[in-house]
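Observations on the model geometry
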Amino acid sequence: MSTTTSTPTPLYGGAANRRGTVRDIARAKEHGDRWPMLTAYDALTARVFDDAGIPVLLVGDSAAMVVYGYDSTVPVTVDDLLPLTAAVVRSTRRALVVADLPFGSYQASTEQALASAARFMKEAGAQAVKLEGGHRVVPQVEALVAAGVPVMGHLGLTPQSVNTLGGYRVQGRGEAGARLLAEAKELEHAGAFSIVLECVPADLAAEVTGHLSVPTIGIGAGPGTDAQVLVWQDMAGLSPHVAKFVKTYADLTESLTRAARSYAEEVVAGTFPDEEHSYA
């Protein structure tokens, strides 16, 4: 009698007939599949990324900077991010949507963390949440997971702590690398289904990835992580200043500038709207 084994569906480029789950994320790690994650903050771009097959979309607190115009992620609130998350969820059909818990919405207690996460899941429809920190947030991670909330961790450069870190700097060099690895293991033991590693040396990120059974997601962490994430405006060339680790895959600033100028010139010249674009 012959037996057949099914080939696992890759996380990126796989079946698009249902929304992804944390189980799919775990399976990708088991099979060694690399996968991409992007941020998303509105319905139109989220739909584009979903149709492109991006398996995980993060409604990041980076919205503070790229949507609301602040100079850091600290000022953004739960109320600011809820409608953005809801828009992303409504406009997608396959991506796992992760909502960032913003600064001040989970640090005080496990009760505060659960209340904030519950709003993102009940009011916006997010399938998971992300929070920053290691040892100090282990109780929150444990409480959220116990309550049925999938949690993505975040170590290394944690932008919400930029004021105590002394700016946007690489984290985990020297002895700090051992502490980061220990905290990654703590987050995994607490139940986090994946961990973002931001702005850490590539060799450290690869070492952490090798020690964990849950996926790591790199941003400025070299090629040795299980997945990669970028802020979509950085990836698409809309941000005026980008970090060393960002590769731009389009120049939307130039494209939009050219389109806006063409439109303005035709309006001034009286050539738009023409007969084709007018009603009889």
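Residues numbered from 1 in each chain as written. Predicted model: local features only at pLDDT ≥ 70, side-chain atom pairs only at ≥ 80, totals over all residues. Heavy atoms only, no water.

Within the protein chain, the secondary structure is distributed over eleven helices and eight strands. Relative to a compact globule of 280 residues, whose C-alpha radius of gyration would be 19 Å, the protein chain shows 21 Å and is just as compact. With the C-alpha coordinates aligned to their principal axes, the bounding extent of the protein chain is approximately 65 × 65 × 35 Å. With 280 residues in all, the protein chain has 47% of them scored as buried. By sequence separation, contacts in the protein chain at least 24 residues apart represent 59% of the contacts at least 6 residues apart. Taking the average place of the 22 positive charges on the side chains of the protein chain and the average place of its 31 negative ones, the gap between the two points comes to 5 Å. (Helix = DSSP H or I, 4+ residues; strand = E, 2+ residues; numbered from the N terminus. Rg over C-alpha atoms; globule rule 2.2 N^0.38 Å. Buried < 20%, exposed > 50% of the residue type's maximum accessible area, 1.4 Å probe, protein only. Contact = heavy atoms within 4.5 Å. Lys, Arg positive; Asp, Glu negative; His and termini not counted. Charge placed at Lys NZ, Arg CZ, Asp CG, Glu CD.)

Turning next to the packing of helix α6 (residues 138-146) against helix α8 (residues 176-190). Packing of α6 against α8 leaves a shortest axis separation of 8 Å and a crossing angle of 25 degrees. Classed by the angle they form, the pair α6 and α8 counts as roughly parallel. Crossing hand, α6 versus α8: right-handed. Of the residues in α8, those touching α6 at Val138, Val141, Glu142 and Val145 are Glu186, Leu187 and Ala190. (Axes fitted to C-alpha atoms, helices over the stretch in contact; angles between N-to-C directions. Parallel < 35°, antiparallel > 145°, perpendicular 65-115°, else oblique. Left-handed = near helix turned anticlockwise from the far one by under 90°.)

The subject of this paragraph is the nonpolar core. Counting 58 residues, the largest nonpolar core has Leu57, Phe120, Leu144 and Leu197 as its most contacted members. With seven residues, the single largest contributor to this core is helix α4 (residues 78-90). Residues in contact with leucine 144, not counting those within four places in the same chain, are Leu101, Ala113, Leu114, Ala117, Val129, Leu131, Val149 and Val151. In terms of nonpolar packing, the next biggest core, distinct from the first, is built from 17 residues, Met37, Val98, Ala128 and Phe193 among them. (Core = buried A, V, L, I, M, F, W, Y, C linked by side-chain atoms within 4.5 Å.)

Right, let's talk about α8 for a bit. The first and last C-alpha atoms of α8 sit 21 Å apart over 15 residues, in line with the 21 Å expected at 1.5 Å per residue. All of the buried residues in α8 are Gly177, Leu180, Leu181, Ala184, Leu187, Glu188 and Ala190. Two residues or fewer after α8 comes glycine 191, characterised by a positive phi angle close to 115 degrees. (Expected span 1.5 Å × (residues − 1).)

This paragraph deals with the packing of aromatic side chains. Taken as a whole and assessed by the stated rule, the structure comprises two aromatic pairs. Considering the side-chain rings of phenylalanine 49 and tryptophan 232, the 5.8 Å spacing of their centres and the 65 degrees angle between planes classify their relative orientation as edge-to-face. With phenylalanine 49 in helix α2 (residues 43-51) and tryptophan 232 in helix α10 (residues 232-235), this residue pair connects regions lying 183 residues apart in the sequence. Taken together, a centroid distance of 6.1 Å and an interplanar angle of 70 degrees make the contact between tyrosine 263 and phenylalanine 272 edge-to-face. (Phe/Tyr/Trp six-rings, centres within 6.5 Å; stacked < 30°, edge-to-face > 60°.)

Among the secondary structure elements, alanine 184 is positioned in helix α8. Considering only alpha carbons, one finds alanine 184 and histidine 154, 30 residues apart in sequence, at a separation of 8.8 Å. Leaving out residues up to four positions away in the same chain, alanine 184 has contacts with Leu155, Ile195, Val208 and Leu212.

Read around the closed barrel, eight strands run β1-β2-β3-β4-β5-β6-β7-β8, paired in parallel fashion. Between one strand axis and the next, the sheet turns through 25 degrees on average, direction left out of account. Strand direction decides the pairing type here: strand β1 (residues 35-39) and strand β2 (residues 56-59), joined by three bridges, are parallel. Bridge pairing links leucine 38 to leucine 57 in β2. (Pairing = 2+ DSSP bridges.)

Domain assignment breaks the protein chain into domain 1 (22-249) and domain 2 (251-279). The centre of domain 1, based on its C-alpha atoms, is set 38 Å off from the matching centre of domain 2. Interface of domain 1 and domain 2: buried area, both sides summed, is about 310 Å²; carbon and sulfur atoms make up 55% of it. Sorting the residues of domain 1 by area buried against domain 2 places Ala236, Gly237 and Leu238 first, and these three jointly supply 86% of that buried surface. Linking domain 1 with domain 2 are zero salt bridges, by the criterion used here. Taken together, domain 1 and domain 2 are joined by two residue pairs in polar contact (both at pLDDT 80 or more). Looking at the side of domain 1 that touches domain 2 residue by residue, the class counts come to three nonpolar, one polar and no charged. (Domains from an automatic or database assignment. Buried area = accessible area lost by both parts, 1.4 Å probe. Salt bridge = Lys/Arg side-chain N within 4 Å of Asp/Glu carboxyl O. Polar contact = N/O pair within 3.5 Å; in protein donor to acceptor, adjacent residues only side chain to side chain. Nonpolar A, V, L, I, M, F, W, Y, C, P; charged D, E, K, R; others polar.)

Turning our attention to the pattern of salt bridges. Taken as a whole and assessed by the stated rule, the structure comprises eight salt bridges. Here glutamate 254 and arginine 258 are joined by a salt bridge, their closest N and O atoms 3.1 Å apart. Placement of both glutamate 254 and arginine 258 in helix α11 (residues 252-269) is noted, with a separation of four residues, approximately one turn of the helix. Relative accessible area serves as the criterion here: at 41%, glutamate 254 is assigned to the partly exposed category. A residue is classified by how much of its surface remains accessible, and arginine 258, at 46% relative accessible area, is partly exposed. One network of salt bridges, with partners in common, ties together Arg18, Asp24 and Arg27.

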